[in-house]
Amino acid sequence: MTHHDHHAEEHLARAVELATRNVGDDGGPFAAIVVTADGRRFEGSNRVTATLDPTAHAEIVAIRTACSELGVPDLDGATLYSSCEPCPMCLSAALWARIEAVYYAADRHDAAEVGFDDAEFHRYVSDHADRAIMPLVELRPDNATAPFEAWSAYDGRQHY
């Protein structure tokens, strides 16, 4: 492992504890913690059923909380600790947040044993030939790139 973090076990133990507690608090058995380069911690638990938001996975909740509290749109240099292997959505969110490394405790197979099976989603994003569960179709109107042209011409743009 290239990024060794001597606090990793401690952060993962905390994430597992939060995930376990979240089960009795109207949430799924998942939690995550973002730790910034300077050691600040931001916690998130799965709130999908509590908020009726399918994107409210623990990792995304933790990333949103960290960015909101820090007042920044990315978390360059931060590390994400998750009680379970992140799904493709959460991995994508971590990439967009410029997270430096991700550590997790349980894996996708442990989650699948209790009914959280995202194997089909992992295959969807890794095997571009298999789009049966949800077709992905490019249909380009003449003005498809208009938003990007407007962005390029806009002086007030803030890159993220």
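Treat the numbers as computed from the prediction; the structure is a model and nothing was measured. For every chain, the first residue of its written sequence is number 1, and the numbers climb from 1 along that sequence. Only residues with pLDDT of 70 or above have their local features reported here, since the model is predicted, and side-chain atom pairs are shown and tallied only from 80 upward, although totals for entire chains, interfaces and linings are computed over all residues. The basis for the side-chain values is all heavy atoms of the structure; hydrogens and waters are excluded.

### Concerning the environment of Arg 40
Selection criterion: Where helices and strands are cited, they refer to DSSP runs of H or I of at least four residues and of E of at least two residues respectively, numbered from the N terminus. Classification of residues uses two cut-offs on accessible area relative to the type maximum, computed with a 1.4 Å probe and protein chains only: under 20% is buried, over 50% is exposed, and between them is partly exposed. What makes two residues a contact is simply this: any of their non-hydrogen atoms within 4.5 Å.
Considering the arrangement of structural elements, one finds Arg 40 in the loop between strand 1 (31-35) and strand 2 (41-45). What makes Arg 40 partly exposed here is its relative accessible area of 44%. Sequence-wise, Arg 40 and Ala 66 are 26 residues apart; in three dimensions their C-alpha atoms are separated by 9.0 Å. With near-sequence residues (within four places) excluded, Arg 40 lies in contact with Val 34, Val 35 and Leu 70.

### Points about the UniProt feature "domain: CMP/dCMP-type deaminase" (unreviewed entry) in the protein chain
Using the following cut-off: UniProt positions are given in the numbering used here, feature names are shortened, and annotations may be inferred rather than shown by experiment.
UniProt marks residues 6-127 with the feature "domain: CMP/dCMP-type deaminase" (unreviewed entry), using the numbering shown here. With 45% helix and 18% strand, the stretch residues 6-127 has end C-alpha atoms that lie 35 Å from each other.

### What about the packing of helix 3 (residues 58-70) against helix 4 (residues 88-96)?
Definition in use: Axis geometry follows a simple rule: fit a line to the C-alpha atoms, using only the stretch in contact for helices, then measure angles between N-to-C directions, giving values from 0 to 180 degrees. Comment on the angle field: the value is read as roughly parallel under 35 degrees, roughly antiparallel over 145, roughly perpendicular from 65 to 115, and oblique elsewhere. Each crossing gets its hand from how the near helix is turned against the far one by less than a right angle, where anticlockwise is left-handed and clockwise is right-handed. Each residue gets one of three labels, nonpolar for Ala, Val, Leu, Ile, Met, Phe, Trp, Tyr, Cys and Pro, charged for Asp, Glu, Lys and Arg, and polar for the others, Gly among them.
Running from N to C, helix 3 and helix 4 cross one another at 20°; their axes reach a closest spacing of 9 Å. The pairing of helix 3 with helix 4 is recorded here as roughly parallel in orientation. Regarding helix 3 and helix 4, the two cross each other, and that crossing is left-handed. Facing helix 3, whose interface residues are Glu 59, Ile 60 and Ile 63, helix 4 presents Met 89, Cys 90, Ala 93 and Ala 94. The residue makeup of the contact of helix 3 with helix 4, split by class, is six nonpolar, no polar and one charged.

### Comments concerning the layout of surface pockets
Definition in use: Whether a set of points on the 1 Å grid over the protein atoms alone is a cavity depends on a 1.4 Å probe fitting there but being unable to get out, while an open set qualifies as a pocket with protein on both sides within 12 Å along at least five of seven lines; lining residues are those with an atom within 4 Å of a point. Grid points are joined across faces, edges and corners, and a volume is the space filled by probe spheres set on the points.
Of the volumes computed, that of the largest pocket is approximately 340 Å³. In this structure, the largest pocket is lined by 19 residues; those nearest its centre are Phe 30, His 57, Cys 87, Phe 116 and Asp 118. Of all the secondary structure elements, the ones that give two or more residues to the lining of the largest pocket are helix 3 and helix 5 (108-113).

### Some details on a nonpolar patch on the surface
Spelled out, the test is: Each patch groups residues whose relative accessible area exceeds 30% and which form no salt bridge, using 9 Å between like charges and 5 Å between nonpolar side chains of Val, Leu, Ile, Met, Phe, Trp and Tyr. For the area figures, the Shrake-Rupley method with a 1.4 Å probe applies, and any residue is considered shielded solely by the protein chains shown. Salt bridges, as used here, are contacts in which a Lys or Arg side-chain nitrogen is within 4 Å of a carboxyl oxygen on Asp or Glu.
Together, Phe 121, Ile 133 and Met 134 give the surface a local cluster of nonpolar side chains, amounting to about 300 Å² of exposed area. Checked against the element boundaries, Met 134 lands in the loop between helix 6 (119-126) and helix 7 (146-153).

### Here we look at the packing of aromatic side chains
Between two aromatic rings, the relevant description is the distance of the centres plus the angle of the planes. The condition that has to hold: What counts as a ring pair is set by centres within 6.5 Å for rings of Phe, Tyr and Trp (its six-membered ring), and what kind of pair is set by the plane angle: stacked under 30 degrees, edge-to-face over 60, tilted for all other angles.
Scanning the model with the defined rule gives two aromatic pairs in all. With a centroid separation of 4.9 Å and an interplanar angle of 85°, the aromatic rings of Phe 30 and Phe 116 are classed as edge-to-face. Note that Phe 30 is positioned in the loop between helix 1 (8-22) and strand 1 and Phe 116 in the loop between helix 5 and helix 6, a separation of 86 residues in sequence. The exposure class assigned to Phe 30 is buried, which follows from its relative accessible area of 15%. A relative accessible area of 36% places Phe 116 in the partly exposed class. Seen in terms of ring centroids, Tyr 81 and Tyr 103 are 5.3 Å apart; in terms of plane orientation they differ by 15°. Their pairing is stacked. One end of the pair, Tyr 81, is in strand 3 (residues 79-84); the other, Tyr 103, is in strand 4 (residues 101-106), and 22 residues separate them in sequence.

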